[in-house]
Structure formats: C-alpha cells, structure tokens
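Inside the fold
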Amino acid sequence: MSKFDPYEHLNVSLNHDGSLTRYVKLPTSAATGESPQRAALSVLSKDVTLNPDKKTWMRLYRPAKLPSNDNSVARLPIILYFHPGAWITMSVAETIIHESTNRVSSEVPAIVVAVEFRLAPESRLPAQYEDAVDAVLWVRSQAADRIHGDQWIRDYGDFSRCYLYGSCSGANIAFNAALRLQERQIQPLKVAGIILNQPLFGAKQRTKSELKLATDQYFPLPVQDLLWELALPVERTGSPGFGGDPLIDRQQDFVKMLVQQGVPVEARFDDVGFKGIDLIDSRRATAILTFIKDFV
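The rules behind the values
- Numbers given for residues are sequential positions, taken from 1 along each chain in its written order.
- Thresholds applied to this predicted model are a pLDDT of at least 70 for local features of residues and 80 or more for the giving and counting of side-chain atom pairs; totals over whole chains, interfaces and linings are not thresholded and use all residues.
- Values reported for side chains reflect all heavy atoms of the structure, with hydrogen atoms and water molecules removed beforehand.
- Simply put, an axis is a line fit to the C-alpha atoms, just over the touching stretch for a helix, and the angle between two N-to-C directions goes from 0 to 180 degrees.
- Only DSSP runs of H or I with at least four residues qualify as helices, and only runs of E with at least two residues qualify as strands; both kinds are numbered from the N terminus onward.
- Roughly parallel means an angle under 35 degrees; roughly antiparallel, over 145; roughly perpendicular, 65 to 115; everything else is oblique.
- Helix crossings fall into two classes, left-handed where the near helix is turned counterclockwise from the far one by less than a right angle and right-handed where it is turned clockwise.
- Residue contacts are defined here by distance: any two heavy atoms, one from each residue, within 4.5 Å place the two residues in contact.
- Amino acids outside the nonpolar list (Ala, Val, Leu, Ile, Met, Phe, Trp, Tyr, Cys, Pro) and the charged list (Asp, Glu, Lys, Arg) are all regarded as polar, and Gly is one of them.
- The predictor rates its confidence in each residue with pLDDT, a number between 0 and 100.
- Salt bridge criterion: a side-chain nitrogen from Lys or Arg within 4 Å of a carboxyl oxygen from Asp or Glu.
- Burial classes: relative accessible area under 20% of the type maximum marks a residue as buried, over 50% as exposed, and values in between as partly exposed (1.4 Å probe, protein chains only).

1. Overview of the packing of helix 2 (residues 95-107) against helix 9 (residues 282-295)
Helices that pack against each other are described as a pair by the angle of their axes relative to one another and the distance between those axes. Contact geometry for helix 2 and helix 9: axes closest at 11 Å, N-to-C directions at 40°. Relative to helix 9, helix 2 is oriented oblique. Two packed elements cross with a definite hand, and for helix 2 against helix 9 that hand is right-handed. Across from Arg103, Val104 and Glu107 in helix 2, the residues of helix 9 making contact are Ser282, Ala285, Thr286, Leu289 and Lys293. In the contact of helix 2 with helix 9, the residues fall into three nonpolar, two polar and three charged.

This is how it looks when you write it as structure tokens:
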C-alpha cells in the first residue's frame, strides 16, 4: 500500500493552518419546526443552540403524535445521539443522519437530541467529549427548569431514562462522555444506558482483525491511522494502530473488559458487514433499531 493516499481515500486535504478541506458535500435536510399541525409528519424536529462560542448546536426530535396514558402525555425516554464520521466529517443536518434519527424518534419512540459537536482536526480531542457533556448538562438544565425549560424535554421527556447513543466515533464520544459524567451532578437526569454502534476505539498494538483486513476497501489501516492522527492532541500523535470495523477484535475485547468489571452488557456481533453498513443497508438499520427499542 506504499502508493495509497489516505487523504484521497477520505476525499479531504490538509491545509497549512491545520484545517481540512472536505470535498464531499452530502445533501442536508432542514428541521421541520415545532408546529404539530403538519399532519403528514410522523416526527417533528427543531434546532437549538448549545454553545455559540464553540458553534455547537443540537437537533431535537419528537414524535408528532405523542403517546398518551390515561388522557395525559406519556413521558418518553431521552436519547442523546452522537453521529458517525470518524471525527472529521458528517453533521446531524445531513439527510442520511437526519432520516435515521427521525426513525429512532418515531419507532422507539423517544425524544432524541442529536448533537452537532465540533470536528477534528480543527478541534481535536477531548473537544468532542466536552461538547457531549455540554449537551447532557443542557438537557439537565431544561429538565430542572419547570418554567423556562424547553417544553419537549421538560414536559415530554422521562428524566430517569436518559441514554447516550453513538455510532463509530460517536460511540467513542458516548462512552467517554459517560465516564466524565460520573464526576458531575446531573440530577434529575439519570443515564440509564449507553448504546455503542460499531465503536471506534484504538491502541498502538494491532489486533488480528486489523491486520487481516489491513487493505479493507472501506477502512484500511492507513486511513485508521490518519484519522487518529487528525483527532488526537498534537502531542499525543505518532504511529498508533487503531480500532473500529474491520476492528471487530477490539470491540469484542472492549465488551470482555466491561463484563470483567461487572458492567451489565448486551452485545450483538455479526460476522457479515462492514464499517457503517447500517447507513446504506436498510435491513441492518432495522436490526439495529430493533435492538435499540428492546434496550430502551
């Protein structure tokens, strides 16, 4: 793979100031707005500023028809969602992410808070973890403010059933945010669980699956190494080998570590597939959604 260019594979180029030029622009979708009068919609969505200085924001989703219990609105679980993109790409406004999140909100059903966190290398780790914690604290503040809190969170969310859900690098963010939240007071929220879809983890030592699939069509080793080089703090970069898919071994080792620490885990692995398969394969997307519904 001596002639392989990971920048070309990712359709990006590194600028002199350390930023990236991203050449692929995916279609985007606007939020619907808050009006429940749009009868054709199964889900409503709206955009909310998180931190104007960091230029972070969130897209909130809720079922257009709220479930009821004894003529009152039944409270829904709150799912904070962290999108994939291997640290450097994608947005909650992109149609492929927006439609997927719509479906989660509709079919679970749930209040979904999709977080538009900062991207690397313009903002390197741990910026994404900080943005995730900011989002959880924002939800907590809405839940705690019975007068001025966001209505979707305040009146429709079940604060005892808050979940952190992420895909790829977003799963890494969800996990690390959960660790950081142990040091914070988030009542009345309670993190009831974490959902990690093909989590992107890494270490210097290569796993067997990484070596076996070193020339993987979608996620070869040079691409993995470059992504971590762009995401990690400058003083922490070097020549690491990192995990994800074809990083199945690393994910399974992660599950074993959690079990050994006494953490209740529901793990599902499939011998067939590739990184991000659920974004383009509707059957796999449905299987993951079914797992989420059962878990929540």
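2. Quick word on the confidence of the model for the protein
For the protein, mean pLDDT is 89; residues scoring 70 or higher make up 88% of the total. For residues 237-244, every residue scores under 50 in pLDDT, and the model assigns this stretch 37 contacts once sequence neighbours within four places are set aside.

3. Some thoughts on the pattern of salt bridges
Evaluation of the coordinates by the stated rule reveals 13 salt bridges. Between Glu34 and Lys46 there is a salt bridge; the shortest N-O distance is 3.5 Å. Highlighted residues: Glu34 in the loop between strand 2 (20-22) and strand 3 (43-51) and Lys46 in strand 3, separated in sequence by twelve residues. A residue is classified by how much of its surface remains accessible, and Glu34, at 45% relative accessible area, is partly exposed. Put simply, Glu34, Lys46 and Asp150 are held in one network by salt bridges that share partners.

4. So, the environment of Thr49
Its place among the elements puts Thr49 in strand 3. Each C-alpha atom of the pair Thr49 and Arg59 lies 8.8 Å from the other, and the pair is ten residues apart in sequence. Those residues in contact with Thr49 that sit more than four places away from it in its chain are Thr56, Trp57, Met58 and Trp138.

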